[in-house]
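In case you want the letters, here they are:
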Amino acid sequence: MSIILDLYRSSASSAHEVKEMKETRDLGQVMKIIMEGKGDLRDIYNQNPDPLPPLARPKRILKPSELAKKLFCPAFVQKPYAKEPMEKRRQFEVLAQTGRIQAVVHMAKMGYHLVEPEKPSGKFSGTVDFVFEDAAQHKMKVEAKSSRSLRPWDIVQCILYGEPGDRIAISSLNEFLEPEDWLVEMVNSAAQEFVHFCEESPDVAAITHMPYRGLCERCANSECTYKNHN
């Protein structure tokens, strides 16, 4: 008998709380909803749930290979490598490996030996091709290119792999360059400002076309009106 009275008092207390919260359903309906596992207390007591915060636009990380080209033309869009013909890709892979071997040989002649290939490096989530070290344990990072000569965006890409205190260089089939400190500082400063610009105004960056000779032919931006004139 005492158990029944306790249950009665508990039910009466719950009904009193429901009434105080301006519940429009009776206690039986509330208990039924709870037992069926439907909704939450805010739904039961006719309270509007807190609105979900708007989804933040995910930040797109620009890798050094793409960022370097966008510093010449913000609207640059890289052509998908996977869409190139298989024959062309195979030849490019051979050429790329030739450029890498050339870099290793060149550094060996300078008294350096290979310490580590494919090293994550720099503040832009990049991976430099090689880390070399000489007999005095002085290290140098080297980016290897398969082109005969160094292109401006290749040099910028190389700089973007650098970290404070690094010595970094870039090698092509016929050239080798270690950028001077003033250029490294200027490029890194411009890159940071540009990344911030892209985060704040991505739509503006996407329509800022600045055609650059030699780069337009590598661009897949179909909205660019300058491509047909280069």
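Since this is a predicted model, take the numbers as computed values, not measurements. (Residues numbered from 1 in each chain as written. Predicted model: local features only at pLDDT ≥ 70, side-chain atom pairs only at ≥ 80, totals over all residues. Heavy atoms only, no water.)

## A closer look at the confidence of the model for the protein
- When pLDDT is averaged along the protein, the result is 83; 72% of the residues meet or exceed 70.
- In the model, residues 17-23 has pLDDT below 50 throughout and makes eight contacts with residues more than four positions away in sequence or in other chains. (pLDDT = per-residue confidence, 0-100. Contact = heavy atoms within 4.5 Å.)

## With respect to helix α6 (residues 152-160)
- Summarising burial for α6: eight of the nine residues are buried, a large majority.
- Residues of α6 that are buried include every one of Trp153, Asp154, Ile155, Val156, Gln157, Cys158, Ile159 and Leu160, and no others.
- Buried residues in α6 make contact with α4 (64-70), β3 (139-144), β4 (168-171), β5 (176-177) and α7 (181-200). (Buried < 20%, exposed > 50% of the residue type's maximum accessible area, 1.4 Å probe, protein only. Helix = DSSP H or I, 4+ residues; strand = E, 2+ residues; numbered from the N terminus.)

## As for the pairing of strand β1 (residues 112-121)
- Pairing of β1 with strand β2 (residues 126-134) involves eight bridges; the strand directions are antiparallel. Residue pairing across strands places Pro120 opposite Thr127, the latter belonging to β2.
- Linking β1 back to β2 in an antiparallel pair, the connection comprises four residues, with Gly122 at a positive phi of about 90 degrees. (Pairing = 2+ DSSP bridges.)

## Here's the deal with the packing of aromatic side chains
- Tallied over the entire structure, the rule returns six aromatic pairs.
- Relative to Trp153, the ring of Phe72 has its centre 6.3 Å away and its plane inclined at 85 degrees; by these criteria the two rings are edge-to-face. Taken together, the residues Phe72 in the loop between α4 and α5 (86-109) and Trp153 in helix α6 connect sequence positions 81 residues apart.
- Judged by its relative accessible area of 17%, Phe72 is buried. (Phe/Tyr/Trp six-rings, centres within 6.5 Å; stacked < 30°, edge-to-face > 60°.)

## Describing the nonpolar core
- Core analysis: the biggest nonpolar cluster contains 26 residues, and Leu67, Val156, Leu160 and Leu215 have the highest contact counts within it.
- Secondary-structure elements contributing two or more residues to this core are α4, α6, β4 and α7.
- In terms of residue count, the dominant contributor to this core is α6 (six residues).
- Filtering out sequence-adjacent residues up to four positions away, Leu160 remains in contact with Pro64, Leu67, Ala68, Gly122, Phe124, Val187, Asn188 and Ala191.
- In terms of nonpolar packing, the next biggest core, distinct from the first, is built from nine residues, Phe130, Met140, Ala144 and Ala169 among them. (Core = buried A, V, L, I, M, F, W, Y, C linked by side-chain atoms within 4.5 Å.)

## A few points about unusual backbone geometry
- With a phi angle near 50 degrees, Glu118 is a residue other than glycine that sits in the positive phi range.
- Tracing the sequence through the fold places Glu118 in strand β1.
- Using a relative accessible area of 41% as the deciding quantity, one classes Glu118 as partly exposed.
- With a phi close to 60 degrees, Ser125 is a non-glycine residue in the positive phi region.
- Inspection of the secondary structure puts Ser125 in the loop between β1 and β2.

## Observations concerning the sheet that holds β2
- Spatially, β1-β2-β3-β4-β5 is the arrangement adopted by the five strands of the open sheet, whose pairing is mixed. On the outer flanks of this sheet lie β1 and β5, each paired with one strand and no other.
- The pairing of β3 with β4 spans four bridges and is parallel. What sits directly across from Lys141, in β4, is Ile168.
- Lying on the sheet, α5 is in contact with β1, β2, β3, β4 and β5; it crosses β2 at an angle near 25 degrees. (Axes fitted to C-alpha atoms, helices over the stretch in contact; angles between N-to-C directions.)

## Thoughts on the pattern of salt bridges
- Under the criterion given, the structure shown has 10 salt bridges.
- With its nearest N and O atoms 3.8 Å apart, the salt bridge here joins Lys145 to Glu143. Summarising the burial analysis for this pair, Lys145 and Glu143 share the class buried.
- Note that Arg151 and Asp154 form a salt bridge whose closest N and O atoms lie 2.7 Å from each other. (Salt bridge = Lys/Arg side-chain N within 4 Å of Asp/Glu carboxyl O.)

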